[in-house]
Amino acid sequence: DRGRGRWHLFSSQDTSREQLNDRILWKEEIAQALREERFELYFQPIIHLATGAPCHFEALLRMRGKEGGMVFPDRFIPIAEKTGLIQNIDHWVLDQAIETLARNPGMRIAINLSANAMDDPTILSLLKQRIQRHRIAPERLSFEITESVAIDSLSSATRLMRSIQDLGCRFALDDFGSGYASYAYLRQLPVDDIKIDGAFIRDLPNNREDRIFVKAITDMAHGMDKRVIAEFVENTDILTILEEIGVDCAQGYFFSRPARLEDLR
Ligand code: C2E
Ligand code: CA
Ligand code: CA
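Reading the values: the criteria
Residues numbered from 1 in each chain as written. Chains lettered and ligands numbered in written order. Predicted model: local features only at pLDDT ≥ 70, side-chain atom pairs only at ≥ 80, totals over all residues. Heavy atoms only, no water. Helix = DSSP H or I, 4+ residues; strand = E, 2+ residues; numbered from the N terminus. Rg over C-alpha atoms; globule rule 2.2 N^0.38 Å. Buried < 20%, exposed > 50% of the residue type's maximum accessible area, 1.4 Å probe, protein only. Contact = heavy atoms within 4.5 Å. Areas by Shrake-Rupley, 256 points an atom, 1.4 Å probe, with all protein chains shown as cover. Lys, Arg positive; Asp, Glu negative; His and termini not counted. Charge placed at Lys NZ, Arg CZ, Asp CG, Glu CD. Expected span 1.5 Å × (residues − 1). Arc of directions from axis to C-beta. Donors = N, O, S within 2.8 Å, 3.2 Å for Na, K, Ca; no water. Near = heavy atom within 4 Å. Polar contact = N/O pair within 3.5 Å; in protein donor to acceptor, adjacent residues only side chain to side chain.

Novice: Tell me about the overall build of the chain, and name the residues and values.
Specialist: Summing up its helical and strand segments, the chain has ten helices and nine strands in all. Compactness check: the chain gives a C-alpha radius of gyration of 20 Å against a globular reference of 18 Å for 265 residues, within 12% of the reference. Taking all 265 residues of the chain together, the buried fraction comes to 48%. Taking the contacts inside the chain whose residues are at least 6 apart along the sequence as the reference set, 66% of them involve residues at least 24 apart. Here the chain has roughly 14,100 Å² of accessible surface; of this, 47% comes from carbon and sulfur atoms. Between the averaged position of the 34 positive side-chain charges in the chain and that of its 41 negative side-chain charges there is a distance of 5 Å.

Here it is as structure tokens:
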């Protein structure tokens, strides 16, 4: 393809040409979407089971494609992470979340942080500056990082969590149980909330082992003064079991799908 008079070494570990082309196209598309403000935050309520009221809302990122269709984060976040654009996305999400808090007194929001954010020295100063500018009570903002990100970069994640908590914001460990789920990590990581991975929630009514696991995690978390959140709550059968187990909060299609804020009220 590159013409005669060249040689090129390939190895089976190389990313294929196709994957590379795909990545280049998507990188340009994501950069363009950032410039054209085609990103949007959707929100999904997280319900406090004892009261039935939302304790906070998780911000979930959406991208409008050039032709207007909606693109989900599983499609563009991994590419943004490989191409460095994820930093712009993390900052954009943080900015938008704080502006949303400023416009909606009493509301609380949780945002997802990428692996990249663990080593991003600017995120903390940006957070401080935005909180001061908008005079937001910091406890209204919570950050979610996945168990695997926290454990892969244990020391930088711990450091970031501490600094963010020193500012007064909360921290949640997302997708708990999908990887290590170990007491040793839980003891070291300064998290306020544990979000049990949806894979352990969706089959609760039919799977006794999952019920035992969720109960054990919940008791352990409560013993450590942490709150437990269950995701993927899709029906009343699941909800009833979670109430029996004593889980604190729940999120899922049973309560609401992620939506624009104005469509949630
Ligand atoms: P996550 O943080 O684990 O978010 C939960 C995902 O489950 C969301 O998918 C949500 O729409 C979906 N969900 C919620 N309730 C239910 C339910 O009852 N049943 C089922 N089957 N699914 C449910 P979404 O919005 O497509 O996001 C996927 C992932 O992309 C998120 O997983 C998160 O890791 C990442 N992500 C989303 N927004 C952001 C962001 O702003 N920044 C970063 N870095 N990552 C984000
Ligand atoms: Ca999350
Ligand atoms: Ca999750």
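Read on, since the account is not over.
Novice: Account for helix α8 (residues 208-223), naming residues and giving values.
Specialist: If you check α8, its first and last C-alpha atoms are 23 Å apart, about what 16 residues at 1.5 Å a residue would give, namely 22 Å. Residues of α8 that are buried: Asp210, Val214, Ile217, Thr218 and Ala221. The buried residues of α8 occupy an angular sector of 100 degrees when the element is viewed end-on, so they sit on one face. For α8, the exposed residues set more than 90 degrees away from the buried face come down to Arg208, Glu209 and Gly223.

Novice: Hey, could you go over unusual backbone geometry for me, with residue numbers and the actual values?
Specialist: Despite not being glycine, Glu37 shows a phi value in the positive range, around 50 degrees. Residue placement: Glu37 occurs in the loop between α1 (17-35) and β1 (39-48). Unlike most non-glycine residues, Asp175 shows phi in positive territory, near 55 degrees. Its location among the elements puts Asp175 in strand β6 (residues 170-176).

Novice: If you had to explain the coordination of the calcium ion (ligand 3) to someone new, which residues and values would you point to?
Specialist: Those protein atoms acting as donors to the calcium ion (ligand 3) are Asp174 (OD), Asp175 (OD), Glu231 (OE) and Glu231 (OE), and they sit at 2.2 to 2.5 Å. Taken in chain order, the donor set of the calcium ion (ligand 3) reads D-D-x55-E. A gap of 4.4 Å separates the calcium ion (ligand 3) and the calcium ion (ligand 2), which Asp174 links by coordinating each metal. Taken together, the residues Asp175 in strand β6 and Glu231 in the loop between β8 (227-230) and α9 (236-245) connect sequence positions 56 residues apart. Classification of Glu231 by relative accessible area gives buried; the value is 10%.

Novice: Summarise the site of ligand 1; cite the residues concerned and give the values.
Specialist: In the vicinity of ligand 1 lie 24 residues, with Gln44, Arg62, Asp174, Glu234 and Tyr253 positioned nearest. Contact distances for ligand 1 include 3.0 Å between an oxygen atom and a side-chain N or O atom of Asp174. Contact between ligand 1 and Asp175: an oxygen atom at 3.5 Å from a side-chain N or O atom of the residue. In the complex, the protein chains occlude 86% of the 810 Å² of accessible area that ligand 1 would expose alone. Among the elements of the structure, β2 (54-64), α2 (73-83), α3 (86-103) and β6 are those that each provide at least two residues to the shell around ligand 1.

Novice: Quick rundown of the environment of Arg202? Include the residues and the values.
Specialist: By the element assignment, Arg202 lies in the loop between β7 (193-196) and α8. Look at Arg202 and you get partly exposed, because its relative accessible area is 42%. Residues Arg202 and Pro45, 157 residues apart in the sequence, show an inter-C-alpha distance of 18 Å. Those residues in contact with Arg202 that sit more than four places away from it in its chain are Phe232, Glu234 and Ile238.

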